[in-house]
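# Understanding the architecture of this molecule
One letter stands for each residue in the lines below.
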Amino acid sequence: MIKQKLQNIANIQFGLYEKPNHTGSIKYLHAGHFDKLYNPTEFKDSYIELDGKNDKFLLKPNDLILAGKGHRIFAWPYDPNFGKAIPSSLFYIIRPNTDYVLGEYLAYYLNSEKIQYELKLIGAGATITSIPKKELGQITITLPPIKKQQEIIELIRVLDENIELTKNLLEKRTTLKRGLVNRIMNQEIK
């Protein structure tokens, strides 16, 4: 394993400051588009069009974004299946050098408790957390070999699937309970 400063293994730039439209071809990402597990949720009413000036903000495979301002600091690895997207200026766009790190691994690493604590310390002092780009670039990243990063990603994906299945099962059991209670109560009242 090696350790590297983030700025040495990735390009870091601010997202785009733009006024979104209700329709368009490119999704314009805000923090409200992500749930508490940092997954994109329902998406609507926040789009922009490419105009030649904003092309450099368009997310590419292996990119990730990091919320650098606000009450929730989190990273999200871009998935091309999500569709074309440009993050707002609330986010940093991080383009990792794939010789050293996979974007998805880096997102999980930045979401780890240790790094989240570091990021909160860096951004502390204001009413709303704001992480300066220079300090973000100084964060030390532990890098296992790419093969090990892929294994870690697969393990986390399996755990996420398990969590999703458990949530679905809990919802179905809650619905079943509600239905049984209503049925029992209706029979008792008659």
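The structure contained in this document is the topic of the report that follows.

### Thoughts on the overall build of the protein
- In terms of helices and strands, the protein carries five helices and eleven strands.
- The globule rule puts the C-alpha radius of gyration for 190 residues at 16 Å, and the 20 Å found for the protein is more than 25% above it.
- Expressed along its principal axes, the backbone C-alpha trace of the protein runs to roughly 70 × 45 × 35 Å.
- Going through the 190 residues of the protein one by one, you find that 37% of them count as buried.
- When contacts within the protein are restricted to residue pairs at least 6 apart in sequence, those whose partners lie at least 24 apart make up 73%.
- Only carbon and sulfur atoms are counted for the fraction: they give 56% of the accessible area of the protein, which is about 12,000 Å².
- Side chains of the protein give 27 positive and 21 negative charges; the mean places of these two sets differ by 3 Å.

### Details of the pairing of strand E5 (residues 64-67)
- Side chains Leu64 and Leu66 of E5 all project onto a buried face; the interleaved residues Ile65 and Ala67 project onto the opposite face, where all are buried too.
- Where E5 lies against strand E7 (residues 75-77), three bridges are found, and the strand directions are antiparallel. Looking at E7, one finds that Leu66 is bridged to Ala75.
- Taken together, the four bridges between E5 and strand E9 (residues 91-96) define a ladder with antiparallel strand orientation. Following the sheet pairing, Ile65 is matched in E9 by Ile93.

### Examining the environment of Val101
- Residue placement: Val101 occurs in the loop between E9 and helix H2 (103-110).
- Owing to a relative accessible area of 0%, Val101 belongs among the buried residues under this scheme.
- Residues Val101 and Ile146 lie 45 residues apart in sequence; the distance between their C-alpha atoms is 6.5 Å.

### A few points about helix H3 (residues 113-123)
- Inspection of H3 places Ile115, Gln116, Leu119 and Gly123 among the buried residues, and these make up the whole buried set. End-on view of H3: buried residues confined to an arc of 100°, all on one side of the axis. Across from the buried face of H3, at angles greater than 90 degrees, the exposed residues are Glu113, Lys114, Tyr117 and Leu121.
- Looking at the buried side of H3, the elements it contacts are E5, H2, strand E10 (129-130), helix H4 (133-137) and strand E11 (140-143).

### Structural notes on the side chain of Arg95
- Of note, Arg95 is situated in strand E9.
- Within polar-contact distance, the side chain of Arg95 engages the backbone oxygen of Leu58 at 2.7 Å.
- A distance of 2.8 Å separates the side chain of Arg95 from the side chain of Asp63, its partner in a polar contact.
- Beyond its immediate chain neighbours, meaning those up to four positions away, Arg95 contacts Ile9, Ala10, Asn11, Gln13, Lys56, Phe57, Leu58, Leu59, Lys60 and Asp63.

### A look at the environment of Gly103
- Locating Gly103 in the fold gives a position in helix H2.
- A residue is classified by how much of its surface remains accessible, and Gly103, at 0% relative accessible area, is buried.
- Expressed as a C-alpha distance, the spacing of Gly103 and Tyr78, which sit 25 residues apart in the sequence, is 8.0 Å.

### What about the nonpolar core?
- Leu6, Leu66, Ile94, Leu110, Leu136 and Ile141 are the most contacted members of the largest nonpolar core, which totals 25 residues.
- Examining the composition of this core, we find that five residues originate from one element, H2, more than from any other.
- Ile94 has contacts with Leu6, Ala10, Asn11, Asp63, Leu64, Leu66, Leu106 and Leu110, leaving out every residue within four places of it along the chain.
- Core analysis: the next-biggest nonpolar cluster, separate from the first, contains 22 residues, Tyr28, Ala67, Trp76 and Ile93 among them.

### Quick notes on the packing of aromatic side chains
- Here the structure, examined in full by the defined rule, presents nine aromatic pairs.
- Where Tyr38 meets Phe74, the ring centres are 5.1 Å apart and the plane angle is 5°; that geometry is what we call stacked. With Tyr38 in the loop between strand E3 (26-29) and strand E4 (47-48) and Phe74 in the loop between strand E6 (69-70) and E7, this residue pair connects regions lying 36 residues apart in the sequence.
- Every member of this aromatic cluster is reached through a ring pair, and the members are Phe34, Tyr38, Phe74, Trp76, Tyr78, Phe82 and Phe91.
- Across from the ring centre of Phe82, 4.0 Å away, lies the NZ or CZ of Lys27, which sits over that ring.

About the thresholds
- Residues numbered from 1 in each chain as written.
- Predicted model: local features only at pLDDT ≥ 70, side-chain atom pairs only at ≥ 80, totals over all residues.
- Heavy atoms only, no water.
- Helix = DSSP H or I, 4+ residues; strand = E, 2+ residues; numbered from the N terminus.
- Rg over C-alpha atoms; globule rule 2.2 N^0.38 Å.
- Buried < 20%, exposed > 50% of the residue type's maximum accessible area, 1.4 Å probe, protein only.
- Contact = heavy atoms within 4.5 Å.
- Areas by Shrake-Rupley, 256 points an atom, 1.4 Å probe, with all protein chains shown as cover.
- Lys, Arg positive; Asp, Glu negative; His and termini not counted.
- Charge placed at Lys NZ, Arg CZ, Asp CG, Glu CD.
- Pairing = 2+ DSSP bridges.
- Arc of directions from axis to C-beta.
- Polar contact = N/O pair within 3.5 Å; in protein donor to acceptor, adjacent residues only side chain to side chain.
- Core = buried A, V, L, I, M, F, W, Y, C linked by side-chain atoms within 4.5 Å.
- Phe/Tyr/Trp six-rings, centres within 6.5 Å; stacked < 30°, edge-to-face > 60°.
- Lys NZ or Arg CZ within 6 Å of the ring centre and 35° of its normal.

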